[in-house]
Amino acid sequence: MTKRLYYQDSYLKEFKAKVLKKIKIDNQPAVVLDETAFYPTSGGQPYDKGVIQDVPVVEVVEEGDEIIHILKEELKEKIISEVVGKIDWERRFDHMQQHLGQHILSGALMELWSVETVSFHLGEEVCTLDIAKEKLSEEEAKKAEECANEIIFDNRPVKCYFVEGEEELKRLNLRKVPEKTGKIRIIEVEDFDLSACGGTHCRATGEVGMIKITKWEKRGEKIRLEFICGRRAWKDYFWKNEAIKNISNKLTIKDSELGEAIDRMLEDRKEIGKELKEFKEKLQEYEAKRLIDESSLRDSRIKIINKVFEEDNFQEVKELVQKIINLDESVIVLFGVKSGGAKILFACSRALKYDMNRLIREAGKFIEGRGGGAPNFAQAGGKRAEGIEDALNYALEHFQEFII
Ligand SMILES: [Zn+2]
């Protein structure tokens, strides 16, 4: 059995203990001491890091009433020899701030609406709390946060002690009935919250600093809240303040006016997008007319437009072709696009009875391409960009053979 020193003193950073066992856990060296200040992963709180005789502790787990320290390398010390353990205080204190913050937030939810906490998880970046509540409005979240922070600002003492026996537990009227029986460890936030917990906590609520609910979502019949406390909350405030300061400086707008300014900018962007689309349409129509005007005549009646685009948006070229054949009743379009391989696009006015689908299958061979489409509008793509001119020339010479 390992004596848990953190039960009595969460602030113990260094301790001496005797080596009871040296074992292997998944091939990693591990050690069991007669007593320890290292907290093992349990009750939603992660393990402590630190060193034992300067050997890093990589994980701490609980097995029955023993605490196993998994180490980076084997300890030189033999069984029964004394070792010195030091815990990573920054990590531990962070866990204390988050964990006591959770008790306070759970206490606030209980006090305000008799809402039970279902589970808690202290993550690397955020903490989550599952609560038995159907919905949580912005207003309610703010109220819970406010109530919890008031308890923090009160700097109420936090006591921990053990109790035993059903009568005693009933008398205490805990926030949640513990699953365990026997000796139960109680965390008491003066005149506010009593709960059974084995975790490490600050000695007064003020040390939690502050609590911030960052978001929440519905999870089945529960609500999952995300929150941060203490140094995490300050770090979060720091970067968010920097980000808002930078954005408002760039826009030369007061930070408090940022919301309205962004709304205005989004509205403007929508408007500009609309205008740009109209402008593009007009430009395309103008381009279509120009190409028809500059087309070469075949047999004094068929207008032929052939052109190779170097770098172009294929979708826009397709739209242009559509415009051309809609504007004129006797036009044949033979286009090539060189960007991203080779593409060819053949089309003709509906009144002309040429089969562009069959024509492009033949001409496509020059670009080692495949494709097809409708009789008056077909496209093909291939690997040989240098074959585009040959494909277009083939089409120019032979289109009259491809009659529907
Ligand atoms: Zn707890």
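It should be noted that the structure appears before, not after, this text.
Note that this is a predicted model, so its numbers are computed, not measured. (Residues numbered from 1 in each chain as written. Predicted model: local features only at pLDDT ≥ 70, side-chain atom pairs only at ≥ 80, totals over all residues. Heavy atoms only, no water.)

A few words on the coordination of the zinc ion. In the first shell of the zinc ion, the protein supplies His99 (NE2), His103 (NE2) and Cys197 (SG), at 2.1 to 2.3 Å from the metal. When the donor residues of the zinc ion are listed from N- to C-terminus, their spacing reads H-x3-H-x93-C. With histidine 103 in helix H1 (residues 89-113) and cysteine 197 in the loop between strand S13 (193-196) and strand S14 (211-219), this pair connects stretches of sequence that are 94 residues apart. By the burial criterion, histidine 103 is buried, and cysteine 197 matches it. (Donors = N, O, S within 2.8 Å, 3.2 Å for Na, K, Ca; no water. Helix = DSSP H or I, 4+ residues; strand = E, 2+ residues; numbered from the N terminus. Buried < 20%, exposed > 50% of the residue type's maximum accessible area, 1.4 Å probe, protein only.)

Following the criterion strictly, the structure yields 26 salt bridges and no others. Between aspartate 48 and arginine 92 there is a salt bridge, and its shortest N-O distance comes to 2.6 Å. Taken as a pair, aspartate 48 in the loop between strand S4 (35-36) and strand S5 (50-52) and arginine 92 in helix H1 lie far apart in primary sequence, 44 residues in all. Each member of the pair, aspartate 48 together with arginine 92, is buried. With a closest N to O distance of 3.1 Å, lysine 133 and glutamate 140 form a salt bridge. Under the relative-accessibility criterion, lysine 133 is labelled buried at 12%. (Salt bridge = Lys/Arg side-chain N within 4 Å of Asp/Glu carboxyl O.)

Now for the side chain of histidine 69. Note that histidine 69 resides in strand S7 (residues 66-71). Accessibility expressed as a relative area gives 0% for histidine 69, which makes it buried. One polar contact links histidine 69 to threonine 36, side chain to side chain, over a distance of 2.8 Å. Non-local contacts of histidine 69, meaning those with residues more than four positions away in its chain, are made with Pro29, Ala30, Val31, Leu33, Thr36, Phe38, Ile52, Val57, Glu59 and Val60. (Polar contact = N/O pair within 3.5 Å; in protein donor to acceptor, adjacent residues only side chain to side chain. Contact = heavy atoms within 4.5 Å.)

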